[in-house]
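# Structural overview for review
What follows is the residue order along each chain.
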Amino acid sequence: TALETTNHCPYIPLPKSFDAYLSALSSSRRSWLNRTMRDVEKLGSVELRCAKTRDELARGRKILESLHAERWSEGGDGDGVFGSRRFCAFHDEVMPVLFDRGALDLLWLEVNGEPIAALYNIVWNQKTYFYQSGRRLEVPKNVRPGIAIHALAIKRAIELGHGEYDFLAGESQYKLKLALDRRPLVRLRAVRSAVRETARRISSEALRHVASLRNELRARIASRIADDS
């Protein structure tokens, strides 16, 4: 049996109010987040939208895919995960099921009616799990739409009475700035002794067989060289 830490998952144990969450942040991170929200609000009328109908689900997904592709094109990495037909086909089936079960939080942030960021979150057992996102690149340099939509999604999760906002695996700087804690992501390997012994025996037999074939081949080559001489 082997236990290995492979990564960490930053998360927020959600308090009773958004103000309490802000108070739990360090003064520098709280100032950074408040400034982020002010910079977005300076652009115009800000509204967080959530898919509540099948039509809104379809619209929200188009927004998500478009902004996700825009985000990934920044580094020359193509269209991101939604550029894969197999990935899209999987979510064609999964997203409506999650939506019907109340387990999908598909959000997008609009400024003056135009989407600038989107989140694909999964909700289960009163916990919100951040899964995918996208954001517009053509915004002023000081504006961080991705951070702003996370802040509003955290506020929404608190208002819904959720217990956690989980960023899942990865220690990106923005996750660490928004999170209040983190947990290890581990890999556990367990092999029954009988299975281990069988694997060891098969491996040993295979190695002996290879050695036998190698020796036989060498003998044949040596014999042919002797005959030719």
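Here, every reference points to the structure presented above.
Quick caveat, the model's predicted, so the values are computed rather than measured.

Here we come to the layout of surface pockets. The probe, sized like a water molecule, is rolled over the atoms to show the empty space still left. Taken as a whole, the largest pocket holds about 620 Å³ of empty space. In this structure, the largest pocket is lined by 28 residues; those nearest its centre are Arg71, Ser133, Arg135, Gly146 and Tyr174. Sorting the residues of the lining of the largest pocket by element identifies helix 3 (54-73), strand 4 (114-124), strand 5 (127-135), helix 5 (145-159) and helix 6 (173-178) as the ones contributing at least two each. Residues of the lining of the largest pocket, tallied by class, amount to 14 nonpolar, 7 polar and 7 charged. Here the second largest pocket is characterised by a volume of approximately 160 Å³. Looking at the second largest pocket, the residues that line it are Phe18, Leu22, Leu33, Asn34, Met37, Glu41, Val46, Ala151, Leu152 and Lys155. Among the elements of the structure, helix 1 (18-24), helix 2 (27-41) and helix 5 are those that each provide at least two residues to the lining of the second largest pocket. The dominant element in the lining of the second largest pocket, judged by the number of residues it contributes, is helix 2, at 4 residues. Per-class residue counts for the lining of the second largest pocket are 7 nonpolar, 1 polar and 2 charged.

To continue, consider the packing of helix 2 against helix 5. Packing of helix 2 against helix 5 leaves a shortest axis separation of 9 Å and a crossing angle of 105 degrees. Between helix 2 and helix 5, the interaxial angle falls into the category roughly perpendicular. Taking contact as the criterion, the partners of Trp32, Leu33, Thr36, Met37 and Val40 in helix 2 are, on helix 5, Ile147, Ala148, Ala151 and Leu152. Along the lines of polarity and charge, the residues of the contact of helix 2 with helix 5 split into 8 nonpolar, 1 polar and no charged.

Judged by how many residues are buried, strand 3 (residues 104-111) sits mostly within the fold: 8 of 8 residues are covered. Residues Leu104, Leu106, Trp108 and Glu110 line one face of strand 3 and the alternating positions Asp105, Leu107, Leu109 and Val111 line the opposite face, and both faces are buried. Bridge analysis of strand 2 (residues 46-50) against strand 3 gives 5 bridges, and the strand direction is antiparallel. Residue pairing for strand 3: Val46 is matched across the bridge by Val111.

Moving on, we come to the packing of helix 3 against helix 4 (residues 85-100). Where helix 3 contacts helix 4, the axes come no closer than 12 Å and their chain directions differ by 140 degrees. In this view, helix 3 runs oblique relative to helix 4, as classed from their interaxial angle. Of the two elements, helix 3 crosses helix 4, and the hand of that crossing is right-handed. Each of Arg54, Leu57, Arg61 and Glu65 in helix 3 lies in contact with helix 4, whose residues at this interface are Cys88, His91, Asp92, Met95, Pro96, Phe99 and Asp100. The class makeup of the residues in the contact of helix 3 with helix 4 is 5 nonpolar, 1 polar and 5 charged.

Attention now moves to the packing of aromatic side chains. Overall, the coordinates contain 6 aromatic pairs when judged by the stated rule. Measuring from ring centre to ring centre gives 5.2 Å for Phe82 and Phe87, while their planes differ by 85 degrees; the resulting arrangement is edge-to-face. No difference in accessibility class separates Phe82 from Phe87, as the two residues are buried. Each ring, one from Tyr165 and one from Phe167, has its centre 5.2 Å from the other, and the planes form 65 degrees; the classification is edge-to-face. Taking the relative accessible area as the measure of exposure, Tyr165 reaches 0% and is therefore buried. Taken together, the ring pairs in this structure connect Phe130, Tyr165, Phe167 and Tyr174 into an aromatic cluster.

Definitions and cut-offs
Residues numbered from 1 in each chain as written. Predicted model: local features only at pLDDT ≥ 70, side-chain atom pairs only at ≥ 80, totals over all residues. Heavy atoms only, no water. 1 Å grid on protein atoms, 1.4 Å probe; cavity = no way out; pocket = protein on both sides within 12 Å on 5 of 7 lines; lining within 4 Å. Points joined across faces, edges and corners; volume = space filled by probe spheres on them. Helix = DSSP H or I, 4+ residues; strand = E, 2+ residues; numbered from the N terminus. Nonpolar A, V, L, I, M, F, W, Y, C, P; charged D, E, K, R; others polar. Axes fitted to C-alpha atoms, helices over the stretch in contact; angles between N-to-C directions. Parallel < 35°, antiparallel > 145°, perpendicular 65-115°, else oblique. Contact = heavy atoms within 4.5 Å. Buried < 20%, exposed > 50% of the residue type's maximum accessible area, 1.4 Å probe, protein only. Pairing = 2+ DSSP bridges. Left-handed = near helix turned anticlockwise from the far one by under 90°. Phe/Tyr/Trp six-rings, centres within 6.5 Å; stacked < 30°, edge-to-face > 60°.

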